[in-house]
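# An overview of the molecular structure
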Amino acid sequence: MSVSAAGLWHRRAVDADEIRRFWAEQARAHGESPSASWSDHRVIELEIEAIGSRLAAGERVLDVGCANGYSSARYAALGARVLGVDFVPEMIEHAEARRRALPQEVASRLEFAVGDIRSLELEDGSFDAVVSTRVVINLPSWEEQLQGLRECARVLRPGGLLLLSEATEQGWQRLNALRREWGLPDIPMPPHNLYLDQERVAEAVADVLDLEEISDFASSYYVATRFLKPLLAAAAGADVDVSDPGAELNRWAATLPPAGDYGTQKLFLLRRR
Ligand SMILES: C[S@@+](CC[C@H](N)C(=O)[O-])C[C@H]1O[C@@H](n2cnc3c(N)ncnc32)[C@H](O)[C@@H]1O
């Protein structure tokens, strides 16, 4: 199946209400754990490192689609003043519980609110940076994804940075091409996701955002855990979970410097004009 055909299939299979129900269920099942957002905690940590190193202390940061605030709290601990918003109220309840348990100095830099990336009830130009990690891929159509991206740009001040970590069609295809060469089946796109075409994104927002970089921060991790690990498992006849964050191979893979363009997940750095 081609990527665009897969995209169309996903748009028909899962609508906006189902996506919201999926995330509400994740909130109920995982509470304050990072698993509410993704079972692969190692990629979450790589993502926080890549984004956190680009935020300055004192900056006003919007973390849109913050889930239970796991990453938002980390950015606040680095010194940023963070507002986390998510469209699932249960996620925000867990984020609030997290905030209350933090040292006062960090908690004082952290706020949470229910909000939708497609229509943010926030003033134009009110943030130095906007962070969006694995959120835009949850919007059920390209039109809504673009609407979300434009909302992120709208609330950024001129010169502010949109840090967008999203699964891309390019990274996904490249990884699957590597797997195919060795007889491994393609990794499917999850039914609640619609991966981004990185070139289309850059072109569609070029009037308001300059693309400065696309960082393939997790490429080595993907090669080690989604290519080498299943290959080794098949050779050894072992039944392994490739995204098990507690596995030794995943622990080691997360220490590798990024190399190549095999990361499904990529970090876009887009500067507000
Ligand atoms: C994969 S999780 C990512 C969470 C968080 N950004 C992180 O880094 O761990 C996706 C989150 O996006 C939220 N989300 C999905 N669609 C949204 C929308 N239209 N507006 C706001 N949040 C949304 C979901 O509720 C979920 O909490």
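So, here's what we can say about the structure. Just so it is clear, the structure is predicted and the values come from calculations on it, not from any experiment.

Criteria and cut-off values
Residues numbered from 1 in each chain as written. Predicted model: local features only at pLDDT ≥ 70, side-chain atom pairs only at ≥ 80, totals over all residues. Heavy atoms only, no water. Helix = DSSP H or I, 4+ residues; strand = E, 2+ residues; numbered from the N terminus. Rg over C-alpha atoms; globule rule 2.2 N^0.38 Å. Buried < 20%, exposed > 50% of the residue type's maximum accessible area, 1.4 Å probe, protein only. Contact = heavy atoms within 4.5 Å. Areas by Shrake-Rupley, 256 points an atom, 1.4 Å probe, with all protein chains shown as cover. Lys, Arg positive; Asp, Glu negative; His and termini not counted. Charge placed at Lys NZ, Arg CZ, Asp CG, Glu CD. Expected span 1.5 Å × (residues − 1). Near = heavy atom within 4 Å. Polar contact = N/O pair within 3.5 Å; in protein donor to acceptor, adjacent residues only side chain to side chain. Nonpolar A, V, L, I, M, F, W, Y, C, P; charged D, E, K, R; others polar. Phe/Tyr/Trp six-rings, centres within 6.5 Å; stacked < 30°, edge-to-face > 60°. Disulfide = S-S within 2.5 Å. Axes fitted to C-alpha atoms, helices over the stretch in contact; angles between N-to-C directions. Parallel < 35°, antiparallel > 145°, perpendicular 65-115°, else oblique. Left-handed = near helix turned anticlockwise from the far one by under 90°. Pairing = 2+ DSSP bridges.

What follows covers the overall build of the protein chain. Counting secondary structure elements, the protein chain contains eleven helices and seven strands. On C-alpha atoms alone, the protein chain measures out to a radius of gyration of 18 Å, which is about the 19 Å that the 2.2 N^0.38 rule sets for 273 residues. Along the longest, intermediate and shortest principal axes, the C-alpha atoms of the protein chain span 55 × 40 × 35 Å. Here the protein chain holds 273 residues, and the buried ones make up 53% of them. Long-range pairs, those at least 24 residues apart, make up 79% of the contacts in the protein chain with a sequence separation of at least 6. Looking at the protein chain as shown, the accessible area adds up to about 12300 Å², and 52% of this sits on carbon and sulfur atoms. Within the protein chain, the 42 negative side-chain charges are centred at a point lying 1 Å from the centre of the 30 positive side-chain charges.

So, on to helix H7 (residues 142-154). An α-helical turn contains 3.6 residues, so any two residues separated by three or four positions project in the same direction. For H7, built from 13 residues, the straight-helix expectation of 18 Å at 1.5 Å per residue is met to within 8% by its first-to-last C-alpha distance of 18 Å. Those residues of H7 that sit buried are Trp 142, Gln 145, Leu 146, Gly 148, Leu 149, Glu 151, Cys 152 and Ala 153.

Near the ligand there are 19 residues, and of these Ser 37, Gly 65, Asp 86, Asp 116 and Thr 133 occur at the shortest range. For the ligand, a nitrogen atom lies 2.7 Å from a polar atom in the backbone of Gly 65. Compared with its free state, where it exposes 600 Å², the ligand has 98% of that area covered by protein. Looking at the shell around the ligand residue by residue, the class counts come to nine nonpolar, six polar and four charged.

Now for the packing of aromatic side chains. Evaluated as defined, the whole model comprises three aromatic pairs. Ring centres of Phe 22 and Trp 23 lie 4.9 Å apart, and the angle between their planes is 85°; this geometry places the pair in the edge-to-face category. Pairing Trp 172 with Tyr 195 gives two aromatic rings, centres 5.3 Å apart and planes at 90°, and the pair type is edge-to-face. Taken as a pair, Trp 172 in helix H8 (residues 169-181) and Tyr 195 in the loop between H8 and helix H9 (198-204) lie far apart in primary sequence, 23 residues in all. There is no split in this pair, since Trp 172 and Tyr 195 are both buried.

Turning to the state of the cysteines, a few remarks are in order. Tallying each qualifying case throughout the model produces zero disulfides. Between Cys 66, a free cysteine, and Cys 152, which holds the nearest cysteine sulfur, the sulfur-to-sulfur gap is 13 Å.

Turning our eyes to something else, we now look at the packing of helix H2 (residues 16-30) against helix H5 (residues 89-100). Closest axis-to-axis distance for the H2/H5 pair is 8 Å, and the angle between their directions is 30°. If you check the angle between H2 and H5, you find them roughly parallel. Handedness of the crossing formed by H2 with H5: left-handed. Of the residues in H5, those in contact with Trp 23, Ala 24, Gln 26, Ala 27 and Arg 28 of H2 are Glu 90, Met 91 and His 94. Within the contact of H2 with H5, the residues separate by chemical class into four nonpolar, two polar and two charged.

This paragraph deals with the side chain of Asn 193. Mapped onto the elements, Asn 193 comes out in the loop between H8 and H9. We classify Asn 193 as buried; its relative accessible area is 9%. Here the side chain of Asn 193 touches Asn 138 through a polar contact of 3.4 Å, side chain to side chain.

With that out of the way, let us pick up the sheet that holds strand E6 (residues 209-215). A sheet is described by the order of its strands in space; here seven strands give the open sequence E3-E2-E1-E4-E5-E7-E6, paired in mixed fashion. In this open sheet, the two strands that pair with only one neighbour each are strand E3 (110-114) and E6. Within the sheet, the average angular offset between the axes of one strand and its neighbour, ignoring direction, is 20°. Looking at chain direction, E6 and strand E7 (residues 265-272) are connected through six bridges and run antiparallel. Looking at E7, one finds that Ile 214 is bridged to Phe 268. Contacting strand E2 (81-86) and E3, H5 runs over the sheet at an angle of about 165° to E3.

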